[in-house]
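Coordinate analysis (summary)
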Amino acid sequence: MSSWFKGLAAHPGLVLSLAFLFAAPSALAYVATEKHWIGGGGTADAPPTVTSTSSSQRPTIALATTPSPPPKPTPNPTHASTPTATPVKPAAPPAKAQQPPPPPPPPPPSSNGAHVMVILEENREYNSVIGAADAPYINSLAQQYVLSTNWFGVHHPSLPNYLALISGSTQGINDDGTGYVFNGTNLADQLSNAGISWKAYMEDMPSPCDNTGGTAGYAKKHDPFMYFSDITSNPARCNRVVPFTQFNSDLTSNTAPNFMWVTPNLCNDGHDCGNNVVDGWLQSEMAVIQGSQWYAQGGKVIITYDEGDTGGGLNGTDGGHIVTITVSNANKGHGQNAASGDHYGTLRAIEEAYGLGLLAGAADARNGDLRTTF
């Protein structure tokens, strides 16, 4: 028997095999190495003790054991389910390149929608109107709105001043002749080419586009539009020079154009009548103007005179010192304008209000800019 055990000791691998054969299923197996027995807990243990009860029995191998870990609970069977597709999150779009900030909007009122009106009176030096007892309404406008105290006509007599106001030039004229025809660019050209609506209202004009020398209270020398061939030869333009009878109806029916020119008749403009007549006429017409949508939507009314009685002027001109008042909701209570200017500076303001180019004398900054009163 001893020789049998010695044989076992010489073959440790065989001992391990026998241990697995005879040990209970719950016993912890040992792993044999050539020199040591290593238990399931990972520590070195003594080799197993071998005992025998009799020579007829198979030898029993007693193993050093450690408690078996509790059996793991058997999970309850679950029904197999159909796999659910996991939605794939779409890839994020590539980041857009950062856009530069938009440019600031252009400053108002340089817009084709501007509302500007010119009312041209006749033959008064500044001091014969401002402070005059027979012109109370005009003086009230001068106090409430903006009176330009250093504004001038450009020449004598009337016609050169009217031409200057719509073309930036006197066209070399020194009289009131009615037979002149000019081909130069004028305000009507600019407005028409820019798609800006306009009309010239002539009191006592017998019919639209009348090109006679004048009838009754209408005088062609006070109607500069009828001196330019690109107006008189173009029916669409010429028919915008109309009798004053259309003025009130255009304003009250909200069909007034953007730019409006007004020439009163020879009495209401002061040519043949006194300050009191001019004053009463202006008061009546200004009530209609200021009660209109045209005026409420930013309307600006320039009340001025063609020439004074003296030879005062700017830059070699000699049209005299004249009254010029700008009336609008925006400038009420703004006080007086002490800057110097003349009819060219008035034309400049109109062109700037509509974003147009500057014609001839209007481009010369020495002639002032009435737009500061708008």
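Residues numbered from 1 in each chain as written. Predicted model: local features only at pLDDT ≥ 70, side-chain atom pairs only at ≥ 80, totals over all residues. Heavy atoms only, no water.

Focus: the state of the cysteines
All told, the structure shown has 2 disulfides when counted by the stated rule. The partner cysteine of Cys 267 in its disulfide is Cys 273, sulfur to sulfur 1.9 Å. Judged by the sign of its S-S torsion, about -110°, the cystine formed by Cys 267 and Cys 273 is left-handed. Of the residues examined, Cys 267 reaches a relative accessible area of 26% and is grouped as partly exposed. For the protein, the disulfide bridges join cysteines in the arrangement 1-2, 3-4, where the cysteines are counted in sequence order. (Disulfide = S-S within 2.5 Å. Buried < 20%, exposed > 50% of the residue type's maximum accessible area, 1.4 Å probe, protein only.)

Quick notes on the confidence of the model for the protein
A residue-level look at the protein finds 70% of positions with pLDDT of 70 or above and a mean pLDDT of 81. Confidence over residues 12–71 falls short of pLDDT 50; this stretch has 55 contacts with residues more than four positions distant or in other chains. (pLDDT = per-residue confidence, 0-100. Contact = heavy atoms within 4.5 Å.)

Overview of the packing of aromatic side chains
The full count for this structure, using the stated rule, is 10 aromatic pairs. Taking the centre distance of 5.7 Å and the plane angle of 15° together, the rings of Trp 198 and Phe 225 count as stacked. One end of the pair, Trp 198, is in strand S8 (residues 198–202); the other, Phe 225, is in the loop between strand S10 (218–219) and helix H6 (229–232), and 27 residues separate them in sequence. Phe 225 carries the same exposure label as Trp 198, and that label is buried. Counting every residue linked through ring pairs, the aromatic cluster contains Tyr 162, Trp 198, Phe 225 and Trp 261. Sitting over the face of the ring of Tyr 227, Lys 220 holds its NZ or CZ atom 4.8 Å from the ring centroid. (Phe/Tyr/Trp six-rings, centres within 6.5 Å; stacked < 30°, edge-to-face > 60°. Helix = DSSP H or I, 4+ residues; strand = E, 2+ residues; numbered from the N terminus. Lys NZ or Arg CZ within 6 Å of the ring centre and 35° of its normal.)

Here's the deal with the environment of Asn 315
Following the sequence through the fold, Asn 315 ends up in the loop between strand S13 (300–305) and strand S14 (321–327). When the C-alpha positions of Asn 315 and Gly 341 are compared, they lie 9.9 Å apart, and in sequence the two are 26 residues distant. Excluding residues within four positions of it along the chain, Asn 315 makes contact with Arg 366 and Asn 367. Side chain to side chain, Asn 315 and Asn 367 meet in a polar contact 2.9 Å long. (Polar contact = N/O pair within 3.5 Å; in protein donor to acceptor, adjacent residues only side chain to side chain.)

Side note on unusual backbone geometry
Note that the residue after His 156, namely Pro 157, is joined by a cis bond; omega there is -5°. Inspection of the secondary structure puts Pro 157 in the loop between strand S7 (146–152) and helix H4 (158–167). With phi around 60°, Gln 171 is a residue other than glycine that occupies positive phi space. Within the chain, Asp 204 stands out as a residue other than glycine whose phi angle is a positive 75°. One can find Asp 204 in the loop between S8 and strand S9 (214–215). With a relative accessible area of 37%, Asp 204 lands in the partly exposed category.

Focus: empty space enclosed by the protein
Within the structure shown, the criterion is met by 1 cavity of 30 Å³ or more. Of the voids in this model, the largest cavity is the one considered here, and its volume is about 40 Å³. Forming the walls of the largest cavity are Met 202, Glu 203, Gly 217, Tyr 218, Ala 219, His 222, Thr 263, Pro 264, Asn 265, Leu 266 and Asp 269. Residues that form the lining of the largest cavity fall into these classes: 5 nonpolar, 4 polar and 2 charged. (1 Å grid on protein atoms, 1.4 Å probe; cavity = no way out; pocket = protein on both sides within 12 Å on 5 of 7 lines; lining within 4 Å. Points joined across faces, edges and corners; volume = space filled by probe spheres on them. Nonpolar A, V, L, I, M, F, W, Y, C, P; charged D, E, K, R; others polar.)

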